[in-house]
Amino acid sequence: MSRANASRRVPSSAPTARARWIPGATPPWAAATPASGPWGFSGSCSPTPSSDGWSSGMWPAAPSSSVWRSLTASAWSPDLRTSRWPPAWLSGGPGPFPGVIDLFGGAGGLIEFRAGLLASRGFAVLALAFFAYDDLPRTLTQLDLEYFEEAAELLLRHPKVRGPGLGVIGVSKGAEVALAMASFLPQVVATVWINGTAFLHGNPLVYKDLRIPPIPYYTERVIFTEMGALDNSAIFADPRDPAYGASAIPAEKVRGKVLFVVGEADRSFNSKLFAELAMARMPPESCRLLSYPGAGHLIEPPCSPLCSISSIRGTPRPVVWGGEAQPHAKAQEHSWQEIIRFLELHLGPAATMKL
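Source: prediction; values computed, not measured.

Novice: Run through helix α6 (residues 271-280), naming residues and quoting values.
Specialist: Turning to α6, its buried residues are Ser-271, Leu-273, Phe-274, Ala-275 and Ala-278. Against the buried residues of α6 lie α5 (173-184), β8 (188-194), β13 (257-263) and β14 (287-292).

Here it is as structure tokens:
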């Protein structure tokens, strides 16, 4: 497969919709064929735009694998599954496996593709929604850390999850939550922060008697691109302003390790600045920064198409995420390998099967 053909966009009936794998269908990564680096992506989809900004598409059937069968067959014990807690993703085999909580951002809802792929690498993964899913609030008004603490305790009680600590991976708003979890919850020993912030924004964080106030969004500063999309990079106030000190996530309280992953072409906000501000509060040996020139906001697993602009739930127009095709693809390939190594280093070795 030539690089030119391998890097073609997955066709979509809506130019700003992101392709979404439907649980139970053959996932796109099961058919991926990276011929020369991370650009390979075989097959296409016929998506249908939905109100949350994603496209739901069935990828063409791919050769079945024992790994994929083990993933689709494994879930929570029935007595642990509720509408709030979706099934965990488990590798095949007896376990126990290192546990990871997977968080996404402002789109809300339940997003599981990364959890499934992490499970194929030997982790037990809970893809955790925190708003706009089943009985959860439809909009995000505050971050109640006790909810995330309950999820961590539930995951660690699973008979196939190896404790005593677990990992958390989050992107965007999910990275903000992940850093807060690492700062307050002793169960969290390894955190992967992807293009997030180091301050509360828009919504307060509450935990028992603690309340961290948010920095407000200055939506009047939004920029409209030539195609009418929203560039939100200017709506964030300068977090270095002393007036916002009370909104900082207390990263100095992190007891585990944190891997910061930054796309320097992020058009959502200045992720590198936020990573550096968080790291300045932490001992140098407890954190590491991976910073990628040309990579945008949505750094996802290898073979994921670059999504530099897409619709998102709750916004009137598509949102710009940034990124250039080849450097973004290289960042996804390199960061994914580093993320797996980081989690294995601090949670213990995972199973050997690799999808």
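The discussion continues.
Novice: Which residues make up the nonpolar core, and what are the values?
Specialist: Membership of the largest hydrophobic core comes to 59 residues, with the highest contact counts inside it found for Ile-101, Leu-103, Phe-148 and Met-181. Here the element with the most residues in this core is α5; it accounts for 8 residues. Filtering out sequence-adjacent residues up to four positions away, Leu-103 remains in contact with Arg-114, Leu-128, Phe-130, Phe-148, Val-168, Ile-169, Gly-170, Val-171, Gly-174, Val-177, Ala-178 and Met-181. Leu-118, Ala-190, Ile-340 and Phe-342 belong to the second largest nonpolar core, which has 31 residues in total.

Novice: Go over the environment of Phe-148, please, and point to the residues and values.
Specialist: Relative to the helices and strands, Phe-148 is located in helix α4 (residues 145-157). The buried category is assigned to Phe-148, whose relative accessible area is 2%. Considered as a pair, Phe-148 and Ile-101 are 47 residues apart in the sequence and their alpha carbons are 9.3 Å apart. Setting aside residues no more than four positions away along its own chain, Phe-148 makes contact with Leu-103, Leu-128, Phe-130, Leu-143, Val-177, Met-181 and Leu-185.

Novice: Account for the sheet that holds strand β9 (residues 205-207), with residues named and values stated.
Specialist: The mixed open sheet is built from 3 strands, whose spatial order is β6-β9-β10. One side of each edge strand has no neighbouring strand; the edge strands of this open sheet are β6 (143-144) and β10 (210-212). With 2 bridges connecting them, β6 and β9 associate as parallel partners. Each bridged residue has a counterpart across the sheet, and for Leu-143 the counterpart in β9 is Leu-205.

Novice: Explain the pattern of salt bridges to me, using residue names and the numbers behind them.
Specialist: Within the structure shown, the criterion is met by 8 salt bridges. Two residues, Lys-272 and Glu-264, come together in a salt bridge whose shortest N-O distance is 3.4 Å. Looking at Glu-264, the relative accessible area reads 39%, which means it is partly exposed. What emerges from the salt-bridge pattern is a single network uniting Arg-288, Glu-338 and Arg-341.

Novice: Which residues make up the confidence of the model for the protein chain, and what values do they have?
Specialist: Residues at a pLDDT of 70 or more form 74% of the protein chain, whose mean pLDDT is 80. Contacts for the low-pLDDT stretch residues 1-13, under 50 throughout, to residues beyond four places or in other chains number 27 contacts. Predicted confidence for residues 27-83 stays below pLDDT 50, and this span has 149 contacts to residues more than four positions away or in other chains.

Novice: Tell me about the packing of aromatic side chains, residues and numbers included.
Specialist: For the structure on display, the rule yields 10 aromatic pairs. Members of the aromatic cluster, connected to one another through ring pairs, are Phe-199, Tyr-217, Phe-236, Phe-269 and Phe-274. Sitting above the plane of the Phe-104 ring, Arg-114 keeps its charged end 4.2 Å from the centroid. Arg-221 extends its terminal NZ or CZ atom over the ring of Tyr-218, reaching a point 4.4 Å from the ring centre.

Novice: Which residues make up the pairing of strand β7 (residues 161-171), and what values go with them?
Specialist: Residues in a regular strand project their side chains so that they alternate between the two faces of the sheet. Most of β7 sits out of view: 8 of its 11 residues are buried. With 6 bridges joining them, strand β4 (residues 97-103) and β7 adopt parallel strand pairing. Residue pairing for β7: Pro-98 is matched across the bridge by Arg-162. Each parallel crossover has a hand, and the one from β7 via α5 to β8 is right-handed.

Cut-offs applied
- Residues numbered from 1 in each chain as written.
- Predicted model: local features only at pLDDT ≥ 70, side-chain atom pairs only at ≥ 80, totals over all residues.
- Heavy atoms only, no water.
- Buried < 20%, exposed > 50% of the residue type's maximum accessible area, 1.4 Å probe, protein only.
- Helix = DSSP H or I, 4+ residues; strand = E, 2+ residues; numbered from the N terminus.
- Contact = heavy atoms within 4.5 Å.
- Core = buried A, V, L, I, M, F, W, Y, C linked by side-chain atoms within 4.5 Å.
- Pairing = 2+ DSSP bridges.
- Salt bridge = Lys/Arg side-chain N within 4 Å of Asp/Glu carboxyl O.
- pLDDT = per-residue confidence, 0-100.
- Phe/Tyr/Trp six-rings, centres within 6.5 Å; stacked < 30°, edge-to-face > 60°.
- Lys NZ or Arg CZ within 6 Å of the ring centre and 35° of its normal.
- Right-handed = clockwise from strand over helix to strand, strands pointing away.

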